[in-house]
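Residue-level listing of the chains:
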Amino acid sequence: MPQAFDTVTEFFEHACRRLAVSMEICEIVRTPDREMRVEVPVRMDNGQLKVFIGYRVQHNGARGPYKGGIRYHQEADVDEVRTLSALMTWKTALVGVPFGGAKGGVQCDPTTMSKTELQRLTRGFTRAISHIIGVNRDIPAPDVGTNAQTMAWMMAAYAEEHGYNPGVVTGKPVELGGSLGREEATGFGVALMVGLASKDLSISLAGSTVAIQGFGNVGSYTAKYLHEHGCHIVGIADVKGGVYNAKGLEIPALLVYALQHSGSVAGFPGGEPLTNDELLALPCDWLIPAALGSVLRADNAAKVHARCVVEAANHPLEPDADLVLAAKGIPVLPDLLVNAGGVTVSYFEWVQNVQRFSWDLERVNNELTNYMQRAYRAVTNRARAERISHREAAYLVAVERVVSAVQLQGLP
Ligand code: GLU
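Bear in mind that the values here come from a model prediction, so they are computed numbers and not experimental data.

Asks: An account of the overall build of the protein is requested, with residue identities and associated values reported.
Replies: Per the secondary structure count, the protein includes 15 helices and 12 strands. Over its C-alpha trace the protein gives a radius of gyration of 20 Å, about what one expects of a compact globule, namely 22 Å for 412 residues. Principal axes of the C-alpha set define a box for the protein whose edges measure 55 × 55 × 45 Å. Buried residues in the protein amount to 58% of all 412 residues. By sequence separation, contacts in the protein at least 24 residues apart represent 68% of the contacts at least 6 residues apart. Here the protein displays about 16900 Å² of accessible surface, and carbon together with sulfur accounts for 52% of that area. Where the 38 positive side-chain charges of the protein centre and where its 43 negative ones centre are 4 Å apart.

So, in structure tokens, the structure goes:
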């Protein structure tokens with residue numbers, strides 16, 4: 001398999017060629033501005049010392065402070081973190097928030113660690129990267145395997161060295177300066193994108209069928225909102241297993257069930273068991289990968305029977321899956337656009353922190369809707385005008401904005 005970073009670079013270079021970007025600018029923007037690898041020794045609960053490896057990669061900062069989540073996962077290696085950092089550069093540019101792109105990761109399995117171990121790991125990792133982050137430098141947020149609690153520990157560890165400054169991380173608990181609506185923002189945005197696409201694709205949203213891979217923060221809120229819009233969520237699968245119900249799963253009951261079963265939908269009595277492979281091949285209107293990257297490749301993309309694929313996860317499709325789906329006439333709404341709701345409300349959180357002022361939920365959701373609708377229109381108008389895919393269009397819009405910011409600041 002090619003390195004994931006190479007595939008994202010290909011999308012970028014393709015956009016550069018179409019936009020006639022100079023070789024010099026292309027060279028500056030292609031690779032990350034800075035990559036930091038740190039060792040984080042942690043005393044585990046059993047007294048043993050374990051050394052974890054973490055990364056913070058800052059891809060591009062031309063449009064503002066670096067911005068992006070921190071992932072805790074066994075496979076969070078430098079290639080993955082680098083790839084995700086570049087995606088953040090394009091995502092923040094596309095949705096129009098004044099940030100650059102970054103990503104962090106620690107190689108660990110948070111599901112096997114106690115809360116105190118996770119706290120020690122988070123504090124150690126934050127200390128190790130603390131001199132390259134900051135409210136006007138680089139602002140971490142949650143991602144796979146991390147949450148508001150992780151951000152609270154990061155904020156506290158940062159404050160010990162640099163003083164209280166809540167805007168250094170976003171996605172915090174509301175009690176510590178987090179924004180209302182941040183936790184549900186990514187799923188809210190995904191549902192919004194499905195709603196807009198349903199009009200363009202002439203699929204009636206109420207009564208349309210949905211298959212979702214993943215039931216973490218993104219998958220669960222996506223299911224909740226689409227269910228509220230009248231969609232039938234026929235299948236959901238996560239790492240432990242899945243459930244299928246042709247008439248539509250009872251999402252409120254499933255949300256309660258998952259809470260009681262370590263976040264998993266496996267074994268839910270309101271449906272039949274379903275594997276991840278079966279989920280990806282389900283006949284449905286919307287297939288929504290909302291878990292990890294590279295889940296659709298040429299082989300299983302050939303079996304997709306959805307009318308539209310909606311990338312709620314980051315980088316869920318390999319480029320050859322894109323080609324297979326295009327040949328089958330199945331449109332793909334790209335990650336840059338679909339899951340940008342999270343970083344958009346992160347921006348609102350940062351604004352509230354900087355101004356020491358908080359917004360009500362209605363204001364957050366109205367602004368989020370404005371930002372996401374604008375980005376959706378920018379992508380679909382460009383795709384139509386240039387007869388290209390939504391992904392190509394999203395990259396054109398994003399690369400244009402970043403390149404212009406680099407150019408305006410002047411080359412050495
Ligand atoms: N981890 C999320 C993403 O991939 C959110 C990043 C942020 O809020 O900074 O977009």
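Asks: Quick one: what's the story with the pattern of salt bridges, residue by residue and with numbers?
Replies: Within the structure shown, the criterion is met by 19 salt bridges. Of the charged contacts in the structure, one is a salt bridge between E35 and R82, with a shortest N-O distance of 2.5 Å. Residue E35 is found in strand β1 (residues 34-43), and its partner R82 is found in helix α3 (residues 78-95); the two are separated by 47 residues along the sequence. When its relative accessible area of 38% is taken as the criterion, E35 is described as partly exposed. The salt bridge involving R123 is made with E160; its shortest N-O contact spans 2.8 Å. Taken as a pair, R123 in helix α4 (residues 115-129) and E160 in helix α5 (residues 148-162) lie far apart in primary sequence, 37 residues in all.

Asks: Before we move on, could you go through helix α7 (residues 217-228) and cite the residues and values that matter?
Replies: End to end, α7 covers 17 Å across 12 residues, agreeing with the expected 16 Å (1.5 Å per residue, within 8%). Taken together, the buried positions of α7 are occupied by V218, G219, S220, Y221, T222, A223, Y225 and L226. At its buried positions, α7 is contacted by α6 (185-200), β6 (209-213), β7 (232-238), α8 (251-260) and β10 (283-289). G230, located one to two residues past α7, shows a positive phi value of around 95 degrees.

Asks: Run through the site of the ligand, naming residues and quoting values.
Replies: Taken together, 14 residues lie near the ligand, and K67, K91, P142, D143 and S346 sit nearest. With respect to the ligand, the side chain of N314 contributes an N or O atom lying 3.0 Å from an oxygen atom. Interatomic distance of 2.6 Å between a side-chain N/O atom of S346 and an oxygen atom of the ligand. Protein chains bury 94% of the 300 Å² of accessible surface belonging to the ligand in isolation. Elements represented by at least two residues in the shell around the ligand include exactly β3 (66-73), α3, β5 (138-142) and α13 (341-355). For the shell around the ligand, the residue count by class is 4 nonpolar, 5 polar and 5 charged.

Asks: Hey, could you go over the nonpolar core for me, with residue numbers and the actual values?
Replies: The biggest cluster of nonpolar side chains holds 89 residues, and the ones touching the most others in it are W90, L94, I236, W286, I288, V310 and Y395. Looking at which element gives the most residues to this core, the answer is helix α15 (residues 390-409), with 11 residues. With sequence-adjacent residues up to four places away left out, Y395 is seen in contact with V8, F11, F12, A15, L87, W90, L336 and E400. Counting residues in hydrophobic clusters, the runner-up holds 24 residues, among them F52, F125, W153 and M155.

Asks: If you had to explain the environment of A398 to someone new, which residues and values would you point to?
Replies: Examined against the element boundaries, A398 turns out to sit in helix α15. A398 sits in the buried class, given a relative accessible area of 0%. Taking the C-alpha atoms as reference points, A398 and V95, 303 residues apart in sequence, are found 8.4 Å from one another. Beyond its immediate chain neighbours, meaning those up to four positions away, A398 contacts W90, A93 and L94.

Asks: Describe the packing of aromatic side chains, listing the residues and the values that go with them.
Replies: Throughout the structure, instances matching the rule amount to 13 aromatic pairs. Centroid distance F11 to Y395: 5.3 Å. Interplanar angle 40 degrees. Geometry classified as tilted. Pair noted here: F11 is in helix α1 (residues 4-19) and Y395 is in helix α15, with a separation of 384 residues, a long-range link. Note on Y395: relative accessible area 2%, which makes it buried. Taken together, the ring pairs connect F99, Y347, F348, W350, W359 and Y371 into an aromatic cluster. Taking the ring centre of Y225 as reference, the NZ or CZ of K224 above it sits at 4.7 Å. The ring of W359 is capped by R363, whose NZ or CZ atom sits 4.1 Å from the centre of that ring.

Asks: I'd like a description of a nonpolar patch on the surface, backed by residues and values.
Replies: A surface patch of nonpolar side chains, amounting to about 220 Å² of accessible area, comprises V174, L180 and L361. By the secondary structure assignment, L180 is in the loop between α5 and α6. Residue L180 is classed as partly exposed on the basis of its relative accessible area, which comes to 36%.

Calculation notes
Residues numbered from 1 in each chain as written. Predicted model: local features only at pLDDT ≥ 70, side-chain atom pairs only at ≥ 80, totals over all residues. Heavy atoms only, no water. Helix = DSSP H or I, 4+ residues; strand = E, 2+ residues; numbered from the N terminus. Rg over C-alpha atoms; globule rule 2.2 N^0.38 Å. Buried < 20%, exposed > 50% of the residue type's maximum accessible area, 1.4 Å probe, protein only. Contact = heavy atoms within 4.5 Å. Areas by Shrake-Rupley, 256 points an atom, 1.4 Å probe, with all protein chains shown as cover. Lys, Arg positive; Asp, Glu negative; His and termini not counted. Charge placed at Lys NZ, Arg CZ, Asp CG, Glu CD. Salt bridge = Lys/Arg side-chain N within 4 Å of Asp/Glu carboxyl O. Expected span 1.5 Å × (residues − 1). Near = heavy atom within 4 Å. Polar contact = N/O pair within 3.5 Å; in protein donor to acceptor, adjacent residues only side chain to side chain. Nonpolar A, V, L, I, M, F, W, Y, C, P; charged D, E, K, R; others polar. Core = buried A, V, L, I, M, F, W, Y, C linked by side-chain atoms within 4.5 Å. Phe/Tyr/Trp six-rings, centres within 6.5 Å; stacked < 30°, edge-to-face > 60°. Lys NZ or Arg CZ within 6 Å of the ring centre and 35° of its normal. Patch = residues over 30% accessible without salt bridge, like charges linked within 9 Å, V, L, I, M, F, W, Y side chains within 5 Å.

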